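As a plain string of letters, each chain reads:
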Amino acid sequence: YVYFENSSSNPYLIRRIEELNKTASGNVEAKVVCFYRRRDISNTLIMLADKHAKEIEEESETTVEPDLTDKQKHQLKHRELFLSRQYESLPATHIRGKCSVALLNETESVLSYLDKEDSFFYSLVYDPSLKTLLADKGEIRVGPRYQADIPEMLVEGESDEREQSKLEVKVWDPNSPLTDRQIDQFLVVARAVGTFARALDCSSSVRQPSLHMSAAAASRDITLFHAMDTLYRHSYDLSSAISVLVPLGGPVLCRDEMEEWSASEASLFEEALEKYGKDFNDIRQDFLPWKSLTSIIEYYYMWKTTDRYVQQKRLKAAEAESKLKQVYIPTYSKPNPNQISTSNGKPGAVNGAVGATFQPQNPLLGRACESCYATQSHQWYSWGPPNMQCRLCAICWLYWKKYGGLKMPTQSEEEKLSPSPTTEDPRVRSHVSRQAMQGMPVRNTGSPKSAVKTRQAFFLHTTYFTKFARQVCKNTLRLRQAARRPFVAINYAAIRAEYADRHAELSGSPLKSKSTRKPLACIIGYLEIHPAKKPNVIRSAPSLQTPTTKRMLTTPNHTSLSILGKRNYSHHNGLDELTCCVSD
C-alpha cells in the first residue's frame with residue numbers, strides 16, 4: 001500500500017500495488033487497486049456507511065469502547081477508506097511513501113488505528129460506476145452467531161443424554177465381516193461399472209472420447225463413495241451390493257462437478273478466479289449465475305487436484321520471475337507550488353520564526369494555521385481557493401496530504417459565518433452558506449478583504465427615442481407580453497419603422513419630451529373660472545388621534561402617484577395631461 005500524488009494541492013491517493021510493469025520507453029508503471037476516502041463519495045453514501053458502522057457496533061457484544069473525544073472522532077473519519085474493484089495504471093515516479101490498509105477488525109479498539117502512523121482501515125466496497133456501497137465478504141465473523149456453543153465437559157462416568165442420531169450420521173463401520181481384499185475387489189467392480197456406464201452415455205462419450213479418459217473419470221472419488229455407501233446400506237453383502245450397482249435400467253453412472261461442467265463453463269471459472277480470487281459470491285454473480293454456490297465451491301476444490309491447475313501454477317510462477325519485484329523511488333525533493341515564499345523567492349520562515357529580521361510582503365504571511373491556529377512554523381502552505389487566502393503550517397499540511405482533512409476539528413461553517421445579526425445582509429449569508437456547502441474553506445480569522453465577492457452596481461440609461469417609442473408604438477411593443485418573456489428578443493426594426501411612420505403623420509404637432517410651463521395669465525384665468533372650495537374647518541382643537549382629524553391631515557390623492565410619491569411617467573412628460581389653458 002502506497003501513497004500516490006496526482007496533484008500538488010489535493011491529498012495523496014491510496015493504492016495497492018498489484019504488479020510493476022516496464023513500458024517500452026523504459027518507464028515503470030504500477031497496476032494498482034483503488035481505495036477511496038470519505039471525501040471522494042457522495043453524502044448519501046456517507047450516511048449509509050455511518051449507519052452500517054452503527055449497526056455493527058450495536059450487534060457486537062465485545063468490550064464497549066470508551067467515549068471518544070471530538071478530536072478522535074474527527075480524525076477517525078480520515079482513517080476510513082472504501083475498497084473498490086477498479087484497477088488503474090500509474091507511473092511509479094508518483095509514489096510518495098508507504099502506508100498500511102487493513103480490514104476493520106471488530107476485536108480491536110478503533111483507537112489502535114489512530115495510534116499508528118499511516119494506518120487506515122476499510123469495511124465496505126465502493127463501486128464507482130454504480131455509486132453503491134456493499135459490505136466486504138471477507139469480514140471476520142466473531143460472536144455467538146458464528147461460533148459453536150461448546151457444552152460443559154462430562155464428568156467421568158456421566159452418560160451423554162444427547163440423541164446421537166441427531167448429531168451425526170454413521171456411513172461406515174470399520175468392524176465389517178469383509179476383509180480389505182474383498183472391499184478392494186468390490187471397488188474395482190464399481191470402477192468397471194462406471195466406465196461401462198460412461199460408454200453407454202452419449203454426453204459422456206463426447207466429453208471422454210477415449211477409454212483411458214472414461215476409466216480415469218470412473219476412478220474419481222464420487223464412484224468410490226457410492227460403492228462404499230452401497231456396501232454399508234446392504235450390511236456388507238457383496239451379492240446384494242453388486243446387484244444394486246447394475247439395476248434393471250442399466251449401470252449406475254456417478255458424476256461429480258468436474259464432469260458436469262462444460263469446457264466453456266470451466267474457462268469462465270478460470271477467468272473469474274483470475275479477477276476475483278476466491279470470492280465465490282462475485283464469481284457466481286458476474287460469471288456463473290446459473291450455478292449454485294455449493295457447486296462452484298465444490299468445483300474449485302476438485303479443480304485444484306487437476307493437471308490444469310498445476311500447469312497454471314507453474315505458468316504464474318514463471319511470469320512472476322520475469323516481472324519486476326521492486327523498484328527504487330528516489331526521495332522527492334522538488335518544492336511544492338503551494339509553499340508560501342517571500343518576495344525574494346526564499347521560503348518564508350516568518351510569522352514569529354527565530355531569526356526573522358524582515359517583514360512579510362505576502363498578505364498570507366501573518367495569518368494563523370486554519371487547522372491548529374498556530375502562528376509559528378518553519379514552512380507555510382497556501383490551502384484552499386486563492387481568494388480565500390487560507391494557509392496551513394507544515395505539520396497540518398502533511399496531515400492534509402496523507403489523511404485528506406484538517407487535523408483539528410473546526411466549527412461548523414454556519415457558526416463561522418454568523419457575526420452580529422444586526423449588520424449582516426441575509427443575501428450575503430445565503431451566498432456564503434452555499435460556499436460552505438460546496439466544501440470551500442472559510443476563514444476563521446480577520447481578513448482585510450471580504451471573502452464574498454459583491455455584485456457590481458449598474459443602471460440603464462433610457463434614451464428619448466425609447467421613451468417616445470413606448471408611448472407611440474404600444475400595439476407593436478406590447479410591454480406586458482415582453483416582460484413575461486424576458487429572453488425573447490424584441491423586433492426593434494419594426495418598432496423603429498412604425499415610429500418613423502407615426503412621426504411623419506404627426507409632423508405638424510410633434511411630441512415634446514418635456515411639458516411646457518403655462519403662462520401665468522392662463523393659470524389665473526383658469527382659477528377664476530374654477531374657484532377652489534374651502535373645507536369647513538372646525539374651530540375646536542381636537543386630538544390628533546380622532547378619525548376626523550386624520551381625514552383632514554390626509555392629502556387628497558387626485559393623481560396616480562408612483563411608489564416614491566412623485567409624478568408618474570405620463571404626468572412627468574405631459575403626454576396625458578389635460579389642457580388647462582383658456583383659449584382667447
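Treat the numbers as computed from the prediction; the structure is a model and nothing was measured.

Quick notes on the rules
Residues numbered from 1 in each chain as written. Predicted model: local features only at pLDDT ≥ 70, side-chain atom pairs only at ≥ 80, totals over all residues. Heavy atoms only, no water. Helix = DSSP H or I, 4+ residues; strand = E, 2+ residues; numbered from the N terminus. Buried < 20%, exposed > 50% of the residue type's maximum accessible area, 1.4 Å probe, protein only. Contact = heavy atoms within 4.5 Å. Areas by Shrake-Rupley, 256 points an atom, 1.4 Å probe, with all protein chains shown as cover. Polar contact = N/O pair within 3.5 Å; in protein donor to acceptor, adjacent residues only side chain to side chain. Axes fitted to C-alpha atoms, helices over the stretch in contact; angles between N-to-C directions. Parallel < 35°, antiparallel > 145°, perpendicular 65-115°, else oblique. Left-handed = near helix turned anticlockwise from the far one by under 90°. Nonpolar A, V, L, I, M, F, W, Y, C, P; charged D, E, K, R; others polar. Expected span 1.5 Å × (residues − 1). Pairing = 2+ DSSP bridges. Salt bridge = Lys/Arg side-chain N within 4 Å of Asp/Glu carboxyl O. Phe/Tyr/Trp six-rings, centres within 6.5 Å; stacked < 30°, edge-to-face > 60°. Lys NZ or Arg CZ within 6 Å of the ring centre and 35° of its normal.

Asks: Quick rundown of the overall build of the chain? Include the residues and the values.
Replies: When you go through the chain residue by residue, the secondary structure sums to 24 helices and ten strands. For the chain, with 584 residues in total, the buried portion stands at 28%. Taking all contacts inside the chain whose residues are at least 6 apart in sequence as the whole, residues at least 24 apart take part in 64%. Carbon and sulfur atoms make up 55% of the accessible area of the chain, which amounts to about 41300 Å² in all.

Asks: Please provide a residue-by-residue account of the side chain of Ser176, values included.
Replies: Mapped onto the secondary structure, Ser176 falls in the loop between α4 (164-167) and α5 (180-200). Ser176 sits in the buried class, given a relative accessible area of 15%. With residues up to four places along the chain from it excluded, the contact list for Ser176 reads Ile183 and Tyr236.

Asks: Report on the side chain of Ser371, specifying residues and quantitative values.
Replies: Among the structural elements, Ser371 can be located in the loop between α14 (307-322) and β9 (380-383). At a separation of 3.0 Å, a polar atom in the side chain of Ser371 contacts the main-chain amide nitrogen of Lys407. There is a polar contact of 3.1 Å between the side chain of Ser371 and the backbone nitrogen of Met408.

Asks: I'd like a description of the packing of α5 against helix α9 (residues 238-245), backed by residues and values.
Replies: With their axes 11 Å apart at the nearest point, α5 and α9 run at an angle of 15° to one another. It follows that α5 is roughly parallel to α9 by the angle criterion. As α5 packs across α9, the resulting crossing turns out to be right-handed. Contact with α5, carried on its side by Phe186, Ala190 and Val193, involves Leu238, Ala241, Ile242 and Leu245 of α9 and no other residues of that element. Along the lines of polarity and charge, the residues of the contact of α5 with α9 split into seven nonpolar, no polar and no charged.

Asks: Which residues make up unusual backbone geometry, and what values do they have?
Replies: Note: most residues except glycine have negative phi, and most peptide bonds are trans. You will see that Ser235, though not glycine, has its phi angle at about 55°, which is positive. Overall, Ser235 belongs to the exposed group, its relative accessible area being 59%. Phi angles above zero are rare outside glycine, and Tyr373 is one such case at about 60°. Summarising the element assignment, Tyr373 is placed in the loop between α14 and β9. Here Tyr373 falls in the partly exposed class, since its relative accessible area comes to 40%.

Asks: Give a detailed account of helix α8 (residues 221-233), specifying residues and quantitative values.
Replies: A rise of 1.5 Å per residue sets the reference length of α8, with its 13 residues, at 18 Å; its end C-alpha atoms lie 18 Å apart and thus fit the reference within 8%. In the core, the buried residues of α8 are packed alongside α5, α7 (211-218) and α9. The positive-phi residue at the C-terminal boundary of α8 is Ser235, with phi of around 55°.

Asks: Can you lay out the pairing of strand β2 (residues 13-22) for me, pointing to particular residues and giving the numbers?
Replies: Across three bridges, strand β1 (residues 2-4) lies against β2 in antiparallel orientation. Counted as the bridge partner of Tyr3 is Ile14 from β2. Alignment of β2 against strand β3 (residues 28-37), held across seven bridges, turns out to be antiparallel. Along β3, the bridge assignment pairs Arg15 with Cys34. What sits between the antiparallel neighbours β2 and β3 is a turn of five residues, in which Gly26 has the positive phi angle 95°.

Asks: Describe the pattern of salt bridges, naming the residues involved and giving the relevant values.
Replies: Scanning the model with the defined rule gives 18 salt bridges in all. Between Glu5 and Arg96 there is a salt bridge, with its nearest N and O atoms 2.7 Å apart. Of this pair, Glu5 sits in the loop between β1 and β2 while Arg96 sits in strand β5 (residues 95-98); the two residues are 91 residues apart in sequence, bridging distant segments of the chain. For Asp160, the salt bridge identified is with Arg162, shortest N-O distance 3.0 Å. Taking the relative accessible area as the measure of exposure, Asp160 reaches 31% and is therefore partly exposed. The network of salt bridges with shared partners includes Glu5, Arg96 and Lys401.

Asks: Could you give an account of the packing of aromatic side chains, naming the residues involved and the relevant values?
Replies: Tallying each qualifying case throughout the model produces 22 aromatic pairs. Pairing Phe120 with Tyr403 gives two aromatic rings, centres 5.6 Å apart and planes at 45°, and the pair type is tilted. On the criterion of sequence distance, the pair formed by Phe120 in strand β7 (residues 119-127) and Tyr403 in helix α15 (residues 394-403) is long-range, its members being 283 residues apart. Accessibility assignment for this pair places Phe120 and Tyr403 in one class, buried. Between Trp261 and Phe269, the ring centres sit 5.9 Å apart and the planes meet at 90°, which makes this aromatic pair edge-to-face. The exposure classification of Trp261 matches that of Phe269, with both residues buried. Chaining the aromatic ring pairs together yields one cluster made of Trp261, Phe269, Phe280, Tyr299, Tyr300, Tyr301, Trp303 and Tyr309. Lying over the aromatic face of Tyr87, Lys31 brings its terminal NZ or CZ to 5.1 Å of the ring centre. A cation over a ring is seen here: Arg391 above Trp380, with NZ or CZ 3.4 Å from the ring centre.

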